[in-house]
There are 2 protein chains.
Amino acid sequence: MSRTPLSPTPRTVVNRHRERAATDRAALDDVLDSALICHLGVLFDGAPVVLPTGYGRDGDTLYLHGSTGSRSMGPGPVCVTVTIVDGIIYARSVMHHSMNYRSAVVLGTTRLVDDPEEKLRGLEVITEHLAPGSWGHARLPNKKELAATVVLALDLTEASVKIRNAPPNDEDFDVEANTAWAGVLPVTTGWGVPESASPLPVPEHVLKR
Amino acid sequence: MSRTPLSPTPRTVVNRHRERAATDRAALDDVLDSALICHLGVLFDGAPVVLPTGYGRDGDTLYLHGSTGSRSMGPGPVCVTVTIVDGIIYARSVMHHSMNYRSAVVLGTTRLVDDPEEKLRGLEVITEHLAPGSWGHARLPNKKELAATVVLALDLTEASVKIRNAPPNDEDFDVEANTAWAGVLPVTTGWGVPESASPLPVPEHVLKR
């Protein structure tokens, strides 16, 4: 798997809280690989529309899942944003309340994946991102299903990563006054008990997720 | 608290999976009140940019938190999308893999909140959404902090809600074949143990969240 370094352009330079900007490529991959969904921003009649979308990463390419009936699948500039909230920052002042989070923003123009081999690979990447192990367990797409599906590719060339992972950042006079509690309340994400819709036993790749 | 019904416009009519569209206002409020962050889509040099943003709801108004240094705070059309992923759908075929989710999309033009009273109220709503109980516990904003903060208001007039809350939806021939497991793996979100950055005891509104 090749890795290109992040290339900040004027659009992806982090203006606010520059200390939270991560510039290495590993951080980008980590954020993209850790979330379940992305938020895809597209233009619709000249206005931005943001839609939750399934995705997956294959090296330097992000694959996005669409459908031939969806408004988000036309050509044009897009923005893919992935955010994981890790904790709530309770500060001594309300204005220093914040979040610990990891966020990636990828800008570019999507490419409609036409090549049948790449389309299948893109669907494998998207499926394995959502449900690791399913590509080797469930029935693979037939021709009719493939035709009804749109896969978009987006190069990871213009991207930025922003990470906050720190305790509250209070004013000195608030720390001294010591009149309010401050700390981090971690946000945890996990899996519940699988709800079977099938007479078969729950497979290992689901049980062990 | 007044409630206006959802008014779908051509932009907010759900095209894909219409059976997942919820049209009542209570569903919109529920989704908006359940998530921690929204994804705010704005135009930047004619292209969409999507940024994770703190927010809160007060009746028919969404308040968004910004800063005078942020690129997302100019006038123009915006899209605010809030998504909660409730479960992963493992189907008998990879193409019927999906998610159970609740998602709200609000379109409109933001209004810069100038009035000091409304600005304070907006900040209260945003703070209490992020950290319920903090407005009555932490130090409230001073004049300098208020001046450095941007609060935007967005009316909840053009919005759509999409909810999937169902078992896998497999093809009959896949159910009959019975060669792959199908079911829902719930996604759970919770709170970890508070990490104190203060000598004070953890207050009730944090402990009991």
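Residues numbered from 1 in each chain as written. Chains lettered and ligands numbered in written order. Predicted model: local features only at pLDDT ≥ 70, side-chain atom pairs only at ≥ 80, totals over all residues. Heavy atoms only, no water.

Some details on the overall build of chain A
Scanning chain A from terminus to terminus reveals 5 helices and 12 strands. Of all 209 residues assigned to chain A, the portion counted as buried reaches 54%. Within chain A, contacts between residues at least 6 apart in sequence are counted, and of these 72% link residues at least 24 apart. Split by element, the accessible area of chain A, about 9200 Å² in all, is 53% carbon and sulfur. (Helix = DSSP H or I, 4+ residues; strand = E, 2+ residues; numbered from the N terminus. Buried < 20%, exposed > 50% of the residue type's maximum accessible area, 1.4 Å probe, protein only. Contact = heavy atoms within 4.5 Å. Areas by Shrake-Rupley, 256 points an atom, 1.4 Å probe, with all protein chains shown as cover.)

Side note on the packing of aromatic side chains
Residue and element names in this part refer to chain A. Applying the stated criterion across every chain, the model contains 2 aromatic pairs over all chains. A ring pair is formed by Tyr90 and Trp181, whose centres lie 5.9 Å apart and whose planes are at 55 degrees; its orientation type is tilted. Separated by 91 residues along the polypeptide, Tyr90 in strand β6 (residues 77-90) and Trp181 in the loop between α4 (172-177) and β11 (183-191) bring together distant segments of the chain. (Phe/Tyr/Trp six-rings, centres within 6.5 Å; stacked < 30°, edge-to-face > 60°.)

Quick word on the environment of Thr127 of chain A
In this fold, Thr127 of chain A is placed in helix α2 (residues 116-130). If sequence neighbours within four positions are ignored, Thr127 of chain A has contacts with Pro132, Ser134 and Trp135 of chain A together with Val94 of chain B.

A closer look at the interface of chain A and chain B
As a measure of interface size, the accessible area lost when the parts come together is often cited. Taken together, the contacts link 89 residues of chain A with 90 residues of chain B. Interface area for chain A against chain B, summed over the two sides, is near 7400 Å², with a carbon-plus-sulfur share of 67%. A salt bridge links Asp174 of chain A to Arg139 of chain B; the nearest nitrogen and oxygen atoms lie 2.7 Å apart. At the boundary of chain A and chain B, one finds 29 residue pairs in polar contact (both at pLDDT 80 or more). Of the residues assigned to the side of chain A that touches chain B, the class counts are 51 nonpolar, 28 polar and 10 charged. The pairing of strand β12 (residues 195-196) of chain A with strand β11 (residues 183-191) of chain B spans 2 bridges and is antiparallel. (Buried area = accessible area lost by both parts, 1.4 Å probe. Salt bridge = Lys/Arg side-chain N within 4 Å of Asp/Glu carboxyl O. Polar contact = N/O pair within 3.5 Å; in protein donor to acceptor, adjacent residues only side chain to side chain. Nonpolar A, V, L, I, M, F, W, Y, C, P; charged D, E, K, R; others polar. Pairing = 2+ DSSP bridges.)

Side note on the relation of the copies chain A and chain B
Here chain A sits on chain B after a turn of 180 degrees about the axis and a move of 0.0 Å along it, with an RMSD of 0.0 Å. The two molecules are tied by a two-fold rotation axis, judged by turn and shift. Minimal C-alpha separation from the rotation axis in chain A is found for Thr189 of chain A, amounting to 2.2 Å. In this assembly the copies share their binding face: 100% of the residues contributing to the interface of chain A also contribute to that of chain B. (Least-squares fit on C-alpha atoms with pLDDT ≥ 70 in both.)

Points about the pairing of strand β7 (residues 98-109) of chain A
Residue and element names in this part refer to chain A. Burial analysis of β7 places 11 of its 12 residues in the buried class, which makes it a mostly covered element. Examined bridge by bridge, β6 and β7 share 12 bridges and lie antiparallel to one another. Along β7, the bridge assignment pairs Ile89 with Ser98.

A look at the side chain of Thr53 of chain B
Residues and elements named next belong to chain B. Here Thr53 lies in strand β3 (residues 47-53). Taking relative accessible area as the criterion, Thr53 reaches 6% and is therefore assigned buried. Once residues within four sequence positions are removed from consideration, Thr53 is found in contact with Ile37, Cys38, Leu40, Leu64 and His65.

Remarks on the nonpolar core
One finds Val80 of chain A together with Val80 of chain B to be the most contacted residues of the largest nonpolar core, which totals 57 residues. Discounting chain neighbours no more than four positions away, the residues touching Val80 of chain A are Cys38, His39, Leu40, Leu62, Leu64, Ala104, Val105, Val106 and Leu154 of chain A. (Core = buried A, V, L, I, M, F, W, Y, C linked by side-chain atoms within 4.5 Å.)

Things to note about the pattern of salt bridges
Opposite charge on two side chains permits them to pair, given that their charged atoms come into close proximity. Residue and element names in this part refer to chain A. Under the criterion given, the structure shown has 26 salt bridges over all chains. For Arg25, the salt bridge is made with Asp29, and the minimal N-O distance between the two is 2.8 Å. Note that Arg25 and Asp29 are positioned in helix α1 (residues 25-34) at a spacing of 4 residues, about one turn of the helix. Residue Asp29 is classed as buried on the basis of its relative accessible area, which comes to 3%. Taken together, the salt bridges that share partners define one network made up of Arg25, Asp29, Asp33, Arg57 and Asp60.

Quick look at the confidence of the model for chain A
Do not read the fine detail of predicted coordinates wherever pLDDT is low. On average, residues of chain A score 90 in pLDDT, and 85% of them are at 70 or above. The low-confidence segment residues 1-5 of chain A, where pLDDT is below 50, has 11 contacts with residues more than four positions distant or belonging to other chains. (pLDDT = per-residue confidence, 0-100.)

Quick notes on the state of the cysteines
All names here are of chain A. Applying the stated criterion across every chain, the model contains 0 disulfides over all chains. Left unpaired, Cys79 is separated from the closest cysteine sulfur, that of Cys38, by 9.6 Å. Looking at Cys79, the relative accessible area reads 0%, which means it is buried. (Disulfide = S-S within 2.5 Å.)

Some remarks on the environment of Leu156 of chain B
Residues and elements named next belong to chain B. Take Leu156: it is sitting in the loop between β9 (149-155) and β10 (158-164). Under the relative-accessibility criterion, Leu156 is labelled buried at 2%. Put simply, Leu156 and Leu107 are 49 residues apart on the chain and 8.0 Å apart in space, counted from C-alpha to C-alpha.

Some details on the environment of Val82 of chain A
Its location among the elements puts Val82 of chain A in strand β6. Once you skip the residues sitting within four places of it in the chain, Val82 of chain A turns out to touch Val31, Leu32, Ala35, Ile37, Cys38, Tyr55, Arg102, Ser103 and Ala104 of chain A.

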